[in-house]
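Fold and contact review
Each chain, written out:
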Amino acid sequence: MNDPDGAQVTLSSPQRFAAVEAEIARACADARRERSSVSLIAVSKTYEVSEIAPVIAAGQHQFGENRVQEAKGKWPALLADQSDLVLHLIGPLQSNKAKEAVALFDAIHSVDRPSICEALSKEIGKQQRRPLLFVQLNTGEEPQKAGIAPADADQFIKRCREGYGLEIAGLMCIPPLEDAPAPHFALTSKIAARNGLKLLSMGMSADFAVAIQFGATHVRVGSAIFGARG
Ligand SMILES: *Cc1c(COP(=O)(O)O)cnc(C)c1O
């Protein structure tokens, strides 16, 4: 955004949060969906507690982190002040971090292999905590990206449920950077529907409005709220 002199105007994170909220409201109205059918996850990875606190004060309750270790360092202090915050793990999970992940997070968006299913199943039983679980799809079949290939999704979801007794709530996807996101969102939505899954974690800063058109229930928005990551 430019001021009349042509200088860059830097918005604060609460101002950017308000703009994202307004765009979500508009996208919901366009798609004839209730605003309450879409959860905004503010992705706070790489940002310090001091940068997250103003967004909490502005009324945001759900946050996403991509590393268990980083989240463990930042969130206990914030949760001590405000216990109704909801934390989402949106990045890859290692089996040896499942215990800490189940203890800290209310949702895990990156269930993508049997070893994780096994570790989660064990910890959920032990800790009596039930994080919302999403299976991550690799809709672009990118070799460097985590997630289950679309062709293997039905079988993997079945295995999560029957083999590991996990209740799967939904699907998550991250479309390839260079692709139009819509076909990836449509495919994710189709696979969710045929497996009886109600939740769709899809849409980031650049494409959350498109994701809402395709039925996203959880949008994961980082830089549009917190600013570009260093
Ligand atoms: C970082 C990240 C986001 C947020 O990305 P932005 O482009 O900053 O909105 C969303 N989802 C995942 C899995 C991420 O790692």
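Look above for the structure.
Residues numbered from 1 in each chain as written. Predicted model: local features only at pLDDT ≥ 70, side-chain atom pairs only at ≥ 80, totals over all residues. Heavy atoms only, no water.

1. Some remarks on the site of the ligand
We count it as follows: Nearness of a residue to a molecule or strand requires only that one of the residue's heavy atoms be within 4 Å of it. In protein, a polar contact requires one atom able to donate a hydrogen and another able to accept it; more generally it is a pair of N or O atoms within 3.5 Å, and residues adjacent in sequence count only if both atoms are side-chain atoms. Note on areas: these come from Shrake-Rupley sampling with a 1.4 Å probe, and a residue is covered only by the protein chains present in the view. The definitions used throughout rest on a 1 Å grid laid over the protein atoms alone, on which a cavity is an enclosed set of points accommodating a 1.4 Å probe that cannot get out and a pocket is an open set flanked by protein within 12 Å on both sides along at least five of seven lines; lining residues are those having an atom within 4 Å of a point. For a molecule to be placed in a cavity or pocket, more than half of its atoms must lie within 2 Å of the grid points of that cavity or pocket. Only Asp, Glu, Lys and Arg are considered charged, only Ala, Val, Leu, Ile, Met, Phe, Trp, Tyr, Cys and Pro nonpolar, and every remaining residue, Gly among them, polar.
Near the ligand, the surroundings consist of Val43, Lys45, Ile90, Met172, Ile174, Met204, Ser205, Arg220, Val221, Gly222, Ser223 and Arg229. Between Lys45 and the ligand, the recorded distance is 2.7 Å, taken from a side-chain N or O atom to an oxygen atom. In this structure, a nitrogen atom belonging to the ligand sits 2.9 Å away from a side-chain N or O atom of Arg220. When isolated, the ligand has an accessible area of 390 Å², and the protein chains bury 88% of it. Judged by its atoms lying within 2 Å of the grid points, the ligand is housed in the largest pocket. Here the residues of the shell around the ligand sort into six nonpolar, three polar and three charged.

2. Concerning the pattern of salt bridges
To keep things clear, this is the line we draw: For salt bridges, the criterion is a side-chain nitrogen of Lys or Arg within 4 Å of an Asp or Glu carboxyl oxygen. Comment: elements are numbered from the N terminus, with helices defined as DSSP H or I runs of at least four residues and strands as E runs of at least two. Each residue's exposure class comes from its accessible area (1.4 Å probe, protein chains only) as a fraction of the maximum for that residue type: buried when under 20%, exposed when over 50%, partly exposed otherwise.
Applying the stated criterion across every chain, the model contains 10 salt bridges. In this structure, Lys74 and Glu70 form a salt bridge, with 2.9 Å as the shortest nitrogen-oxygen distance. With Lys74 and Glu70 both in helix α3 (residues 68-81) and four residues apart, the pair spans about one turn of that helix. Residue classification places Lys74 among the buried residues on the basis of a relative accessible area of 9%. For Glu70, a relative accessible area of 22% gives the class partly exposed. Its salt-bridge partner being Glu123, residue Lys126 comes within 3.9 Å of it at the nearest N-O pair. Linking Lys126 with Glu123, this pair stays in helix α5 (residues 114-127), spanning three residues, or about one helical turn. When its relative accessible area of 59% is taken as the criterion, Lys126 is described as exposed. Residue Glu123 is classed as buried on the basis of its relative accessible area of 6%. Each member of the salt-bridge network shares a partner with another, and the members are Glu65, Glu70 and Lys74.

3. Some points on the layout of surface pockets
Note the threshold: Grid points are joined across faces, edges and corners, and a volume is the space filled by probe spheres set on the points.
In this model, the largest pocket occupies a volume close to 660 Å³. Lining the largest pocket we find 26 residues, and of these Lys45, Lys145, Ile174, Met204 and Arg220 sit closest to its centre. Roughly 210 Å³ of internal volume is contained in the second largest pocket. Split into classes, the residues belonging to the lining of the second largest pocket amount to three nonpolar, three polar and two charged.

4. A look at the packing of α5 against helix α6 (residues 153-164)
Threshold: Geometry is summarised by axes, namely lines fitted to C-alpha atoms with helices restricted to the contacting stretch, and by angles between N-to-C directions that run from 0 to 180 degrees. A clockwise turn of the near helix away from the far one marks a right-handed crossing, whereas an anticlockwise turn of less than a right angle marks a left-handed crossing. The contact criterion used throughout is that any non-hydrogen atoms of two residues lie within 4.5 Å.
Following both chains from N to C, one finds α5 and α6 inclined at 35°, their axes separated by 11 Å at the closest point. α6 is crossed by α5, and the crossing has right-handed handedness. Touching Pro114, Cys117, Glu118 and Ser121 of α5 are Phe156, Arg159, Cys160 and Tyr164, all from α6. Within the contact of α5 with α6, the residues separate by chemical class into five nonpolar, one polar and two charged.

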